[in-house]
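A structural walkthrough
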Amino acid sequence: MGDIIKLTLTLTIISAIAGLAIGVVNDKTKDKIAAQQEQARLEALETVFPEGVRIVEMKNLGAGVVPDLYWIAFDDSADTVLAGYAFEVSGIGYAGDIKFMVGVGIDGNILGLTVLDHNETPGLGSRVNEIASAKYIWYPVGGDDGAKPWFKEQFVGLSSLKPIIIDRNLAEWHKLDERTQANLRNNNAVTIITGSTITTEAFTRAIGQHIAGYLEELGGYCCPATRKEIEAKKAVEAVAVETNDNEDNDTALLLD
Amino acid sequence: MIAKELKRGIITENPILILALGLCPALAVSTSVKNGLGMGLASMFVLACSNVIISIIKAWIPEKVRIPCYIVIIATFVSILQLLIKAYTPALDSQLGIFIPLIVVNCMILGRAEAYASKNNPVHALIDGFVMGLGFTVALLILSGIREFLGSNKLLDLLVIPGFQPMTAFILAPGGFFVIALVMGVINYAQRKKGA
Amino acid sequence: MSTENNVDTGKPDEKPAAIPRLHLSSSPHVRSSLSVKMIMLVVIIAMVPSLVTSIVFFGINAALVTAVCIVAAVGAEYGANLLLKRGQTIGDLSAIVTGMLVAFNLPPSIPLWIAAIGSVFAIVVAKMVFGGLGCNFINPALAGRAFLMASYPAQMTSFSTPNFGSISGLTDAASSSAVDAISSATPLTAIQNAFADGSYVASDFATALKNLFYGSVGGCVGETSALALLIGGVFLIAIKAVDIRIPAAFILTTFALFWLTNGTGTYFTVDSIITPTFHILAGGLFLGAFFMATDPVTSPITPRGRLIFGVGCGALTFVIRKYGGYPEGVSYAILLMNLVAPLIERYTRPKIYGEVKKHG
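Residues numbered from 1 in each chain as written. Chains lettered and ligands numbered in written order. Predicted model: local features only at pLDDT ≥ 70, side-chain atom pairs only at ≥ 80, totals over all residues. Heavy atoms only, no water.

Turning our eyes to something else, we now look at the overall build of chain C. Within chain C, the secondary structure is distributed over 14 helices and four strands. Within the span of chain C, comprising 360 residues, buried residues form 45% of the whole. For chain C, the share of sequence-separated contacts (at least 6 apart) that also reach a separation of at least 24 residues comes to 71%. Accessible area of chain C: about 17900 Å², with a carbon and sulfur share of 67%. (Helix = DSSP H or I, 4+ residues; strand = E, 2+ residues; numbered from the N terminus. Buried < 20%, exposed > 50% of the residue type's maximum accessible area, 1.4 Å probe, protein only. Contact = heavy atoms within 4.5 Å. Areas by Shrake-Rupley, 256 points an atom, 1.4 Å probe, with all protein chains shown as cover.)

Moving on: the overall build of chain B. Regarding its fold elements, chain B presents eight helices and two strands. Written out in order from the N terminus, the α and β elements of chain B read α-α-α-α-α-α-α-β-β-α. Taking 2.2 N^0.38 as the reference for a compact globule, 196 residues should give roughly 16 Å; the C-alpha atoms of chain B span a radius of gyration of 18 Å, in line with that estimate. Overall, the C-alpha framework of chain B stretches about 60 × 50 × 30 Å when taken along its three principal axes. Within chain B, the fraction of its 196 residues that count as buried is 50%. The long-range fraction of contacts in chain B, counting pairs at least 24 apart against all pairs at least 6 apart in sequence, stands at 72%. About 8500 Å² of surface is accessible on chain B, with carbon and sulfur atoms providing 75% of the total. With 15 positive and 8 negative side-chain charges, chain B shows a separation of 6 Å between the mean positions of the two kinds. (Rg over C-alpha atoms; globule rule 2.2 N^0.38 Å. Lys, Arg positive; Asp, Glu negative; His and termini not counted. Charge placed at Lys NZ, Arg CZ, Asp CG, Glu CD.)

Once that is clear, we can look at the domain arrangement of chain C. All names here are of chain C. Annotation of chain C at the domain level lists domain 1 (36-156) and domain 2 (187-346). Facing 33 residues of domain 1, the contacting portion of domain 2 comprises 32 residues. Here domain 1 packs against domain 2, burying approximately 2500 Å² in sum over the two surfaces, 73% of which is carbon and sulfur. Where domain 1 meets domain 2, there are zero salt bridges. Summed over the shared surface of domain 1 and domain 2, the result is four residue pairs in polar contact (both at pLDDT 80 or more). Among the elements of the structure, helix H1 (36-58), helix H2 (60-83), helix H3 (94-104) and helix H5 (140-151) are those that each provide at least two residues to the side of domain 1 that touches domain 2. (Domains from an automatic or database assignment. Buried area = accessible area lost by both parts, 1.4 Å probe. Salt bridge = Lys/Arg side-chain N within 4 Å of Asp/Glu carboxyl O. Polar contact = N/O pair within 3.5 Å; in protein donor to acceptor, adjacent residues only side chain to side chain.)

What follows concerns the interface of chain A and chain B. Taken together, the contact between chain A and chain B spans 30 residues of the former and 39 residues of the latter. Of the roughly 2900 Å² buried between chain A and chain B on both sides combined, carbon and sulfur atoms contribute 73%. There are one salt bridge connecting chain A and chain B. Measuring nitrogen to oxygen at the nearest pair gives 3.3 Å for the salt bridge that ties Lys64(B) to Asp3(A). Our count for the chain A to chain B interface comes out at three residue pairs in polar contact (both at pLDDT 80 or more). Broken down by class, the residue content of the side of chain A that touches chain B amounts to 15 nonpolar, 11 polar and four charged. (Nonpolar A, V, L, I, M, F, W, Y, C, P; charged D, E, K, R; others polar.)

What follows covers the environment of Glu223(C). Tracing the chain through its elements places Glu223(C) in the loop between helix H8 (204-214) and helix H9 (226-238). As for Glu223(C) and Phe104(C), which are separated by 119 residues in sequence, their C-alpha atoms are 6.6 Å apart.

Moving on, we get to helix H4 (residues 66-88) of chain B. Along an α-helix, a turn takes 3.6 residues, which lines up residues three or four apart on a common side. With 23 residues, H4(B) should reach 33 Å at 1.5 Å per residue; the first-to-last C-alpha distance of 33 Å fits that figure. Where H4(B) is concerned, the buried positions are Cys69(B), Tyr70(B), Ile73(B), Ile74(B), Thr76(B), Phe77(B), Val78(B), Ile80(B), Leu81(B), Leu83(B), Ile85(B) and Ala87(B). For H4(B), the secondary structure elements touched by its buried residues are helix H1 (2-48) of chain A together with helix H3 (33-56), helix H5 (90-96) and helix H6 (107-115) of chain B. (Expected span 1.5 Å × (residues − 1).)

Here is the structure:
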């Protein structure tokens, strides 16, 4: 009996000290980690939209399919109001959820894609973030050669309103020539990461399932509108409400 | 003495290639040299720390619950390591992903705790943890060097031979087994020749 | 204990008699007039019709791929024997057979260096490393093919339609006999796509069956002409180089399973057998059933075991083709059954005369 007490006590003490140690480290790093994630999100936003837009964070307070947090980009130059939206989408990957951010234009065309969090296998699914560098080991020149992560690059320009096809027979996107890449874009298709079909499907399925619904719900902004047009439309609506009241009375009289 | 220990950890008692400990993470992570290096150093940190702590409190750990105790200590260090990596090097976190928590079940760490740390003084345990971790890292570098070169024509994410179309099988699971088998075979052959 | 090979005859002044060097081994002792070399030779002869039709349909590429594979295989075996300090075994022609089988599993348009790599892998890793002929645990040619599928998936799945004839409704490339071999899907990929998008019509494939049988369809070098493969297979069975059980069980099981799930709702009409017939003529099933599943080293040796092996191969092919992600199931089905073959052998051992089962 005393034996069991001793065993239990030892294990408890060790666990308690361990828990304390982890708690202390967690406390010290909590803020830094949150800051990192916020930083990652900001960087992601900058990647999914083209240059020179102003990004505004929107909170969706109503019900509906649109997520609680999403972003609108305004292009203040040339008088165009809306450049597009960004949503955080989650797809079921090979080993858990893949959280990524996708930026879409008002017409549903994908402007950019960034992966926020994933648990995919290093070397296979984690190649979503791979940058196909063309630098050789014999003379690695300093600085980056402007190469972009090719897996995400292949989504740019595809329509999120139509299903995105996966072409399993072609090589990875960064190995294809320009004509084949253009071909794929015209067919709304992407190619897989070798050995990671499920990871690729996570993206196409998540986009296909959610984006069209989001855009439809935010529908008031579906068509390109300049600030002037929107204000003009609002003015017309205000007048219509007034005249409607009058009109109703007229029709009512007519019907009688 | 240090030289002898280094030789022991890296060559004569290399955890992966001789003792065959920690093969699962070795196979999984050795797809690129960067990953291999990251994983090796992370494991070395955990191994050294846990060895020291276990060696210090070895007198108070009862025989019957020693394995759970070791695991709790190892898991603590892995959790601390993960928090530190998430906070200060998030790039490594997204590279290694799920393999950092899996360091807990790396047989090498539990194996050295049981076989060495629980029977030696803290200084020796620290040195052992350090050289074993170093041996683990060296073996990982060899394996991932071969696999990354044959499987994606790269080393450290830089292309090596222009025009060489790599054999993707080496990045996938079968390739891992082939490479580790061949390397172990070569080492066995060399050992036998030396011993014979 | 004398360490010399001499026997003490008991007579002190007589020289000890030398014991002849006898090689001792336990039973079974089988004497046969069929040597390894002869068996390999008849297999090569059986594969010739297929090779010929392949050259006819695919042109010089088929011949080049085959030649390169054979040379690479023989060279690899020669080199491996040198490196591992074993006697040379290339004289038993098994390397040539492996080389040909590897070539038969590759598309004719594959770059030659890839074909060579596959061949070398098949010989060195799947055969020599384990001890040479008779010691491999999986079929070397299929191991080579699996390695290439994992390494160069794009090149391994780009096929060409042959020089003349096309399958109406199955290929999406414009067919013209003047144009040399156009890239298009194989019949199996086409049928899988048709199933996927709902455009599958049984009667479309009736015309296709004729082409499949004679060989004017896209596919790998050795797998397109079912007729040529059938001729070769029947020849091997007739001269008893190959047991009929494995191919028969394999082909009949695949046919039966596809017939039971043929999707037309009927069972005894012509319509109902179109899909099963299609499946046994397409995708190298004949190649696998006659030439690769029957490899004596990697298939069970007991008669009942062979039947089980054949049925297993057929069932796995059905499952992989119907429910799996690959259009081609034969190679993986055979590889999986190779792994189980020793187990099958153990449990189908015929009872030795007089053997009494242990109780409990």
